[in-house]
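# Examination of the molecular architecture
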Amino acid sequence: MLPQMERVLLENKQLAYDVDKPIQYVISPLTGVFSLVTFMEDGEGVEVATICNEGMIGLPLFLGVDRTSGKAFTQVPGDSLRMTAAAFKEQIRRQRALTQTLQLTPRH
């Protein structure tokens, strides 16, 4: 997958994706930290996850959706690796090991 990823420096509060807008990239933080925020019916935002170098931004793409009711943005600026949504979907389709890792299922 690395050949399809580009290294990027993301600034503080930079959006990775926004509410009801297409997710364009999956992002694997190397040194930065991301917050995932979801919004309640009254419009209040609640942080539901913090993602650092052991995680990935854009998981809804793996689940078959390209939009979400939340947003993801950097809390701590830093380097990340990113891949386009289209390239990620192709990798999911072609690589069973990647799919199993993301599903957290044992390999047989």
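About the cut-offs
Residues numbered from 1 in each chain as written. Predicted model: local features only at pLDDT ≥ 70, side-chain atom pairs only at ≥ 80, totals over all residues. Heavy atoms only, no water. Helix = DSSP H or I, 4+ residues; strand = E, 2+ residues; numbered from the N terminus. Buried < 20%, exposed > 50% of the residue type's maximum accessible area, 1.4 Å probe, protein only. Contact = heavy atoms within 4.5 Å. Areas by Shrake-Rupley, 256 points an atom, 1.4 Å probe, with all protein chains shown as cover.

### Things to note about the overall build of the protein chain
Along the backbone of the protein chain there are 3 helices and 7 strands. Listing each helix as α and each strand as β along the protein chain from the N terminus yields β-β-β-β-β-α-β-β-α-α. Looking at the protein chain as a whole, 34% of its 108 residues qualify as buried. At a minimum sequence separation of 6, the contacts of the protein chain that also span at least 24 residues come to 74%. Of the accessible surface of the protein chain, which amounts to about 6800 Å², a share of 52% is contributed by carbon and sulfur atoms.

### Considerations on unusual backbone geometry
Residues other than glycine seldom take positive phi values, yet Lys-13 does so here, at roughly 65 degrees. Examined against the element boundaries, Lys-13 turns out to sit in the loop between strand 1 (6-10) and strand 2 (15-17). Overall, Lys-13 belongs to the partly exposed group, its relative accessible area being 49%. Unlike most non-glycine residues, Asp-20 shows phi in positive territory, near 55 degrees.

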